[in-house]
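This is what each chain is made of:
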Protein chains: 2
Amino acid sequence: MSANNNHNHAPVIRARRMGIDTYQEPIVFMRADCHVCRSEGFQVRARVKVTAGARSLIATLNVVDEALLALDEAGLSEVAWRELQVKPGDVLEFAHPEPVQSFSSVRRKIYGLELEPEEYRAIIDDMVAGRYSNVELASFVTACAGDHMSLGEIVSLTRAMAAAGTILTWPARPVVDKHCIGGLPGNRTTPIVVAIAAAAGLTMPKTSSRAITSPAGTADAMETLAPVDLDLATMRRVVEREGGCIVWGGAMDLSPADDILIRVERPLDFDSDGQLVASVLSKKLAAGSTHVVLDVPVGPTAKVRSQSAARAIIDKLTHVAHAVGLEVHAVQTQGTDPVGRGIGPALEAHDLLAVLKGDPNAPVDLRERSLRLAGEVLVLGGKATGDGLGEAQHLLDSGAAWKKFQAICEAQGGMRTPPVAAFHRHFAAPQAGRVKTIDNRKLARVAKLAGAPRSPAAGLELHAKTGERVEHGQPLFTVHAQSQGELAYAAAYARGHGAPYELEPV
Amino acid sequence: MSANNNHNHAPVIRARRMGIDTYQEPIVFMRADCHVCRSEGFQVRARVKVTAGARSLIATLNVVDEALLALDEAGLSEVAWRELQVKPGDVLEFAHPEPVQSFSSVRRKIYGLELEPEEYRAIIDDMVAGRYSNVELASFVTACAGDHMSLGEIVSLTRAMAAAGTILTWPARPVVDKHCIGGLPGNRTTPIVVAIAAAAGLTMPKTSSRAITSPAGTADAMETLAPVDLDLATMRRVVEREGGCIVWGGAMDLSPADDILIRVERPLDFDSDGQLVASVLSKKLAAGSTHVVLDVPVGPTAKVRSQSAARAIIDKLTHVAHAVGLEVHAVQTQGTDPVGRGIGPALEAHDLLAVLKGDPNAPVDLRERSLRLAGEVLVLGGKATGDGLGEAQHLLDSGAAWKKFQAICEAQGGMRTPPVAAFHRHFAAPQAGRVKTIDNRKLARVAKLAGAPRSPAAGLELHAKTGERVEHGQPLFTVHAQSQGELAYAAAYARGHGAPYELEPV
């Protein structure tokens, strides 16, 4: 491992896998007294260009002592190890990275200047090439937040983000799509809408995401029903055969900058209209969609919290969509209560199955939202007129959508039965009253503490909605978990200041 | 180490020192499959509150595999290990950190709102308590950059920053000080100004910084002449005896938020007037200064690049200084060329020694700047009238300042001879011509690649200034380094696109 078999007198540094997961930020671990740190003047937290053969990346330097690494070793975090595709002992080379030229545009943006399309292109290309540190990403995100981007800039950012990754193309036209502007637990309409649209003969190759801050993403819920981790060729075969699919888009390199930006937007937890629009529309452009229905839930604890905020974001989405060649139709929906009964991958899957199967106990709100959105998709796709509601309802109630959904699941690799959690705990109303509010953020937190989305069966099941009257001792919700520890943890939170239900006397 | 001797069935996690230096960002290393990560739902990059006895801090989670840690161990990076003051095997406890309440003010700032004094106090207090991640720091710095802070807000930030650390008090009044708004290599006037002011009987307890992005800070240059790493009691004795000192302020906890902000401002490399003013004045307030002369070099490659930028920053500095009770006088100086001949700690020390000793070969520009600033200090301190230049010159040329400087060095622990580098390379003019420009940023980079400030003897020596005529083959500058590797590295850069001199035909 430590053999020095080159002939130019520069000692060789060899790769070692540290087994340290630093999420998406590549870290290189080196000793301060190794010849590279000394000769290159690298200090802790420096940005270092690491090259292994034909591959290279920019990593952040963490300095370690002799207990962890030999002088001729450099450790790599998991993401760096993967991206460099090295084997233990491979020779690594180190250099100062070129300054990130495009960051000067971020500085210009901070000073309130409007950036040119090519500046956004350069910023996004540098980001996707891994040249932006988390600190630089946070600065970019902050500089663009707070309505600091003009519509023209959002168009530029959207185009740049789509162009930086794969762009899917489909032989059919229109290619319909739907997207929900997050923030509402259990809002799992997508599989139902795809089933209805595909049953109507439309092409709807849906790529969905996994949960980022929520207890479940559409891909997480769908995965309890069928494989979603398809490669592009398989996805194409599914769409060719069935007209639609519901797959995980994460491995398809669609608007990869979006995933990079999320890694800082998540901890900062602030929403920027401009970035939201670019995020949504760049993914749609990249997925090859032509006609998109946008579900915009509005409510005090949803992502969009007021009518005026909704109008502002819809205006921006519509304007930018037209500029980049997408037809969109935005639908404001109720964003106060969670949708359906389940929160968590499998529990949400049970809800959507009930709707598709026409189960009389299926959650009415999930059914109605799905029909409304499906109707708009049918209209936008030229398969219905008016609000399309009648046609959507017919496709659902006739069983055509359920049949189509099963066929899609089979084409994706075979239908599955969602798992059921091993442990449950009921939470009863401490007194009689009416449900005044349900705090979606607290619900999401309970579900995540219970293990969702990591444990697909975990989450919670709601037994009462806002405005409903409950008696003393009547169950309000049930926590589901795969381990006693997680159940206890979620329960402790839900019993304390995390109680998601507020009752009022009747 | 892995004994489980508590009785409430929760396994215990014990501390292990990882020997990984992550600079100022505390990192905790844990296994994803340990009971804490599972039950608390911690995922990689989560912010985790780590408690050891009565001490706790917020750390970022890196997830490691079984080769590095046992299931009942948590590793700590160096800064976390130090701050928690643990021993190997000490029990650690983990919790979700409380949300950083004050970050909601940062979000308000992003949306263009003016923050209240108590909001800045809360932000700075949280920062100093280690509750801000690097990503949150970057967001704060960006939100406040680009003239987004009102004068009132800069006052609030300045007060909050000073109040968050130690505030020195001195029996004498006035307590004079000087400060240079960075950006000019070799501008090492401070030790000369202190010597002149103290020789005039003024109290000038100067705390200086080490280099952040430059090849040398005043503390780095001074350290080649005398110890600068003094504790407060020793510093007081020096000032009591000699009237002045030039020490490193970094360990005195003066405006500690400044050092935290710098850790993200450095990689972002952008200047924000508001933060610059708060940074400078909070340090002066904390150092107990009452009367401050500000040196503001103006030039296209200096920190302040134009007359109008200088006027803007001076206006802000003056306004904020008065509001917080400081008398300041700002002096615009030439900021085009580097000052003196040397760049790097020891090479700059040689220059200032030459000026103090009255060496006829001493750099004239360094002498003249020092006299001008010292004159202003004398006037502001009530020891001279007009521009104070005559009095300053008298104190320098009479040898009084040199005598005082030696006395200060002795009081600080003994005068030293600056080191001389082992390796040199001359760079000759490739053709005859006139020096059109010298790029200070490139000069600084060459000096840093050569090893400055880590190697105190490293850096470069300039043989020609802007406007001077040089012949073909005449030396333009000499690189000094302590290792062949660093010399080669700096030389390669200086020969390539990093050439700091531009010549024009005569």
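Draft legend 1. Spotlight on the overall build of chain A. Across its full length, chain A carries 18 helices and 19 strands. Whereas a compact globule of 506 residues would reach a radius of gyration of roughly 23 Å, chain A reaches 25 Å, a difference of no more than 12%. When its C-alpha atoms are laid out on the principal axes, chain A stretches across 80 × 50 × 45 Å. Among the 506 residues that make up chain A, the fraction classed as buried is 58%. Once local pairs closer than 6 in sequence are excluded, the contacts in chain A between residues at least 24 apart make up 78%. Of the accessible surface of chain A, which amounts to about 19,600 Å², a share of 50% is contributed by carbon and sulfur atoms. Of the side chains in chain A, 53 bear a positive and 57 a negative charge, and the two mean positions are spaced by 2 Å.

Draft legend 2. Summary view of the domain arrangement of chain A. Residue and element names in this part refer to chain A. Once the domains are mapped, chain A shows domain 1 (13–95), domain 2 (176–411) and domain 3 (423–504). Relative placement of domain 2 and domain 3: their C-alpha centres are 26 Å apart. Listed per partner, the contact involves 26 residues of domain 2 and 20 residues of domain 3. Linking domain 2 with domain 3 are 1 salt bridge, by the criterion used here. For Asp 365, the salt bridge is made with Lys 465, and the minimal N-O distance between the two is 2.5 Å. Here domain 2 and domain 3 share 8 residue pairs in polar contact (both at pLDDT 80 or more) between them. For the side of domain 2 that touches domain 3, the secondary structure elements donating two or more residues are β13 (342–343) and α13 (345–357). With 3 residues, the single largest contributor to the side of domain 2 that touches domain 3 is α13.

Draft legend 3. Molecular detail of helix α15 (residues 389–397) of chain A. Residues and elements named next belong to chain A. Residues of α15 that are buried: Ala 392, Leu 395 and Leu 396. Within α15, the buried residues cover an arc of 100° as seen down the axis, which keeps them to one side. Looking at the buried side of α15, the elements it contacts are α7 (190–199), α13, α14 (364–380) and α16 (400–411). Looking one or two residues past α15, Gly 399 carries a phi angle of roughly 90°, positive in sign.

Draft legend 4. Looking closely at the sheet that holds strand β15 (residues 433–438) of chain A. Taken in spatial order, the 3 strands make up an open sheet running β17-β15-β19 (chain A), and their pairing is antiparallel. Edge positions in the sheet fall to β17 (469–470) and β19 (501–504) of chain A, since each has one partner strand and no second.

Draft legend 5. Local environment of the sheet that holds strand β11 (residues 291–298) of chain A. Residue and element names in this part refer to chain A. Ordered by their spatial adjacency, 3 strands build an open sheet running β8-β11-β12, and the pairing between neighbours is parallel. In the strand order of this sheet, the two ends are held by β8 (176–180) and β12 (327–334), each with one partner. Averaged over neighbouring strand pairs, the angle between their axes works out to 20° when direction is ignored. Here β11 runs beside β12; their pairing, made up of 8 bridges, is parallel. Across the sheet, Val 296 pairs through a bridge with Gln 332, a residue of β12. Set on the sheet, helix α12 (residues 307–323) makes contact with β11 and β12; between it and β12 the angle comes to about 165°.

Draft legend 6. Spotlight on unusual backbone geometry. The peptide bond linking A:Arg173 to A:Pro174 adopts the cis configuration, its omega dihedral lying at 5°. Mapped onto the secondary structure, A:Pro174 falls in the loop between α6 (151–163) and β8. One non-glycine residue with positive phi stands out, namely B:Ser255, at about 45°. Within the secondary structure, B:Ser255 is located in the loop between β10 (244–248) and α10 (256–268). Judged by relative accessible area, which is 0%, B:Ser255 ranks as buried.

Draft legend 7. Structural context of the side chain of A:Thr478. All names here are of chain A. The residue Thr 478 is located in strand β18 (residues 475–481) in this model. For Thr 478, a relative accessible area of 1% translates into the label buried. Within the local environment of Thr 478, its side chain forms a polar contact with the side chain of His 463, the two groups lying 2.6 Å apart.

Draft legend 8. Quick peek at the relation of the copies chain B and chain A. Aligned on chain A, chain B shows an RMSD of 0.3 Å; the corresponding rotation is 177° and the shift along the axis is 0.4 Å. Taken together, the rotation angle and the small translation identify this as a two-fold axis. Taken together, the interface assignments show that 100% of the residues at the interface of chain B recur at the interface of chain A, consistent with an identical surface on both copies.

Draft legend 9. Representation of the interface of chain B and chain A within the structure. With 47 residues of chain B at the contact, the number on the chain A side is 48 residues. For the pair chain B and chain A, the summed buried area comes to about 4,100 Å², and 58% of that belongs to carbon and sulfur atoms. For the interface between chain B and chain A, the tally reads 0 salt bridges. At the junction of chain B and chain A, the tally comes to 10 residue pairs in polar contact (both at pLDDT 80 or more).

Draft legend 10. View of the pattern of salt bridges. Residue and element names in this part refer to chain A. Following the criterion strictly, the structure yields 44 salt bridges over all chains and no others. Here Lys 404 makes a salt bridge to Glu 242, at a shortest N to O gap of 3.0 Å. In this pair, Lys 404 sits in helix α16 while Glu 242 sits in helix α9 (residues 232–242), placing the two residues 162 residues apart along the sequence. The closest approach of N and O atoms between Arg 369 and Asp 295, which form a salt bridge, is 3.8 Å. Here Asp 295 lies in strand β11 and Arg 369 lies in helix α14, a separation of 74 residues in the sequence.

Draft legend 11. A look at the environment of A:Cys37. Residue and element names in this part refer to chain A. The residue Cys 37 is located in helix α1 (residues 35–40) in this model. On the accessibility criterion, Cys 37 (2% relative accessible area) is buried. Through-space distance from the C-alpha of Cys 37 to that of Val 292 is 52 Å; in sequence the pair is 255 residues apart. With residues near it in sequence (within four places) discarded, Cys 37 still touches Met 30, Arg 31, Ala 32, Phe 42 and Leu 61.

Draft legend 12. Geometry of the packing of helix α7 (residues 190–199) of chain B against helix α14 (residues 364–380) of chain B. Residue and element names in this part refer to chain B. Two elements in contact, α7 and α14, have axes whose closest approach is 9 Å; the angle formed by their N-to-C orientations is 40°. When the interaxial angle is binned, α7 and α14 end up oblique. By crossing handedness, the relation of α7 to α14 is classed as right-handed. Where α7 abuts α14, its residues Ile 192, Val 193, Ile 196 and Ala 197 lie against Leu 366, Ser 370, Leu 371, Leu 373, Ala 374, Val 377 and Leu 378. Tallied by class, the residues present in the contact of α7 with α14 amount to 10 nonpolar, 1 polar and no charged.

Draft legend 13. Examining the side chain of A:Glu78 more closely. Looking at the secondary structure, you find A:Glu78 in helix α2 (residues 78–84). In this view, A:Glu78 contacts A:Arg17, A:Gly19, A:Ile20 and A:Asp21; residues no more than four positions away in its chain are not counted.

Draft legend 14. Layout of the packing of aromatic side chains. Residue and element names in this part refer to chain A. As enumerated under the stated definition, the model contains 8 aromatic pairs over all chains in all. One aromatic cluster is present, built from ring pairs that chain together Phe 427, Phe 477 and Tyr 501. The ring of Trp 170 carries the charged tip of Arg 236 above its face, separated from the ring centre by 4.9 Å.

Draft legend 15. Focus on the packing of helix α10 (residues 256–268) of chain A against helix α5 (residues 134–144) of chain B. Between α10(A) and α5(B), whose axes approach to 9 Å, the crossing angle comes to 85°. As judged from the angle between their axes, α10(A) and α5(B) are roughly perpendicular. Across the interface between the two elements, A:Val264, A:Pro267 and A:Leu268 from α10(A) touch B:Val135, B:Glu136 and B:Ser139 from α5(B). Taken together, the residues of the contact of α10(A) with α5(B) break down into 4 nonpolar, 1 polar and 1 charged.

Draft legend 16. Summary view of the confidence of the model for chain A. Residues and elements named next belong to chain A. Mean pLDDT over chain A stands at 91; residues scoring 70 or higher make up 97%. Confidence over residues 1–9 falls short of pLDDT 50; this stretch has 11 contacts with residues more than four positions distant or in other chains. Scored as a whole, the predicted complex attains pTM 0.83, and scored at its interfaces, ipTM 0.81.

Draft legend 17. Structural view of the pairing of strand β11 (residues 291–298) of chain B. All names here are of chain B. Taking burial as the measure, the 8 residues of β11 include 8 buried ones, the bulk of the element. A two-sided burial pattern is seen for β11, the buried positions comprising His 291, Val 293, Asp 295 and Pro 297 on one face and Val 292, Leu 294, Val 296 and Val 298 on the other. In this fold, β11 hands off to helix α12 (residues 307–324), which returns the chain to strand β12 (residues 327–334); that crossover is right-handed.

About the cut-offs
- Residues numbered from 1 in each chain as written.
- Chains lettered and ligands numbered in written order.
- Predicted model: local features only at pLDDT ≥ 70, side-chain atom pairs only at ≥ 80, totals over all residues.
- Heavy atoms only, no water.
- Helix = DSSP H or I, 4+ residues; strand = E, 2+ residues; numbered from the N terminus.
- Rg over C-alpha atoms; globule rule 2.2 N^0.38 Å.
- Buried < 20%, exposed > 50% of the residue type's maximum accessible area, 1.4 Å probe, protein only.
- Contact = heavy atoms within 4.5 Å.
- Areas by Shrake-Rupley, 256 points an atom, 1.4 Å probe, with all protein chains shown as cover.
- Lys, Arg positive; Asp, Glu negative; His and termini not counted.
- Charge placed at Lys NZ, Arg CZ, Asp CG, Glu CD.
- Domains from an automatic or database assignment.
- Salt bridge = Lys/Arg side-chain N within 4 Å of Asp/Glu carboxyl O.
- Polar contact = N/O pair within 3.5 Å; in protein donor to acceptor, adjacent residues only side chain to side chain.
- Arc of directions from axis to C-beta.
- Pairing = 2+ DSSP bridges.
- Axes fitted to C-alpha atoms, helices over the stretch in contact; angles between N-to-C directions.
- Least-squares fit on C-alpha atoms with pLDDT ≥ 70 in both.
- Buried area = accessible area lost by both parts, 1.4 Å probe.
- Parallel < 35°, antiparallel > 145°, perpendicular 65-115°, else oblique.
- Left-handed = near helix turned anticlockwise from the far one by under 90°.
- Nonpolar A, V, L, I, M, F, W, Y, C, P; charged D, E, K, R; others polar.
- Phe/Tyr/Trp six-rings, centres within 6.5 Å; stacked < 30°, edge-to-face > 60°.
- Lys NZ or Arg CZ within 6 Å of the ring centre and 35° of its normal.
- pLDDT = per-residue confidence, 0-100.
- Right-handed = clockwise from strand over helix to strand, strands pointing away.

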